[in-house]
Amino acid sequence: QVQLVESGGGLVQPGGSLRVSCAAPGRTFSSYVMGWFRQAPGKERDFVSAITWSSASRTYYADSVKGRFTISRDTAKNTVYLQMNSLKPEDTAVYYCAADQRMIPSTTPHEYMYWGQGTQVTVSS
């Protein structure tokens, strides 16, 4: 069983920045992909970004966040980060961390085996 713990959500004004984290205590992800998804009220869970845990550390982004969000990982801390800049009200959602043992990320939520509990991000003035 893989436990994923998100943190760092909160309230931020439009144009502001926020970083959310996903920690997996005591776990290594050498052959995993780590992803971020988000779900707004009444909407489906959408892909945001993903990163391969391998040394290549390839990154993937949804078009809606490309150029504004940056995903990264710290292998020593078993933690994945999502740095969110130039935030917009439409970025408001619960952000979920996900993990799956695969080499190539998927943008489909049901293809990820492990999920965190989610962290709320609200962009509002």
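So, here's what we can say about the structure. (Residues numbered from 1 in each chain as written. Predicted model: local features only at pLDDT ≥ 70, side-chain atom pairs only at ≥ 80, totals over all residues. Heavy atoms only, no water.)

### Looking at the state of the cysteines
Formally: Note on terminology: disulfide denotes any pair of cysteine sulfur atoms within 2.5 Å. Every helix listed is a DSSP run of H or I at least four residues long, and every strand listed is a run of E at least two residues long, numbered separately from the N terminus. Note on exposure labels: buried denotes an accessible area under 20% of the residue type's maximum, exposed denotes more than 50%, and partly exposed covers the range between, all computed with a 1.4 Å probe on protein chains only.
Enumeration over the complete set of coordinates arrives at one disulfide. What pairs with Cys22 in a disulfide is Cys97, and their sulfur atoms sit 2.0 Å apart. For the disulfide bridge between Cys22 and Cys97, the dihedral angle about the S-S bond is near -75°, and by the sign convention the bridge is left-handed. One end of the pair, Cys22, is in strand β3 (residues 18-23); the other, Cys97, is in strand β9 (residues 93-100), and 75 residues separate them in sequence. Here Cys22 falls in the buried class, since its relative accessible area comes to 1%. By relative accessible area, which is 0% here, Cys97 ends up buried.

### Thoughts on the packing of aromatic side chains
As a reminder, the rule being used: Stacked, tilted and edge-to-face are the three classes applied to pairs of Phe, Tyr and Trp rings, where Trp contributes its six-membered ring and a pair requires centres within 6.5 Å; stacked means planes under 30 degrees apart, edge-to-face means over 60, and tilted covers the rest. Lysine NZ or arginine CZ positioned within 6 Å of the ring centre and within 35 degrees of the ring normal marks a charge as sitting over the ring.
Counted under the stated rule, the structure contains five aromatic pairs. Summarising the aromatic geometry, the rings of Phe37 and Trp115 are spaced 5.2 Å apart at their centres and angled 55° between planes, so their arrangement reads as tilted. Note that Phe37 is positioned in strand β4 (residues 33-39) and Trp115 in strand β10 (residues 114-115), a separation of 78 residues in sequence. Looking at Phe37, the relative accessible area reads 0%, which means it is buried. Using a relative accessible area of 26% as the deciding quantity, one classes Trp115 as partly exposed. Pairing Tyr96 with Trp115 gives two aromatic rings, centres 6.4 Å apart and planes at 80°, and the pair type is edge-to-face. With Tyr96 in strand β9 and Trp115 in strand β10, this residue pair connects regions lying 19 residues apart in the sequence. In this structure an aromatic cluster arises from ring pairing among Phe37, Phe47, Tyr96, Tyr112 and Trp115. The ring of Tyr96 carries Arg45 above its face, with NZ or CZ at 3.7 Å from the centroid.

### Notes on the nonpolar core
Just so we agree on the cut-off: What makes a nonpolar core is a set of buried Ala, Val, Leu, Ile, Met, Phe, Trp, Tyr and Cys residues whose side-chain atoms join them at distances within 4.5 Å. Contacts are assigned to residue pairs with any non-hydrogen atoms lying within 4.5 Å of each other.
Counting residues in each nonpolar core, the largest one holds 35 residues, and the members touching the most others are Leu4, Phe29, Met34, Trp36, Leu82, Met84 and Tyr95. Secondary-structure elements contributing two or more residues to this core are β3, β4, β5 (45-52), β7 (69-74), β8 (79-84), β9 and β11 (119-123). Considering each element in turn, this core owes the most residues, five residues, to β9. Once residues lying within four places of it in the same chain are set aside, the contact partners of Leu4 are Cys22, Ala23, Ala24, Phe29, Met34, Cys97, Ala98, Ala99, Tyr114, Trp115, Gly116 and Gln117.

### With respect to the pairing of β8
Where we set the bar: Two strands qualify as a pair provided DSSP detects at least 2 bridges between them.
A large share of β8 lies buried, amounting to five of its six residues. Bridge count between β7 and β8: six bridges; the pairing is antiparallel. If you follow Phe69 over to β8, its bridge partner there is Met84. In this structure, the hairpin formed by β7 and β8 is closed by a connection of four residues, where Asn78 is found at a positive phi of approximately 50°.

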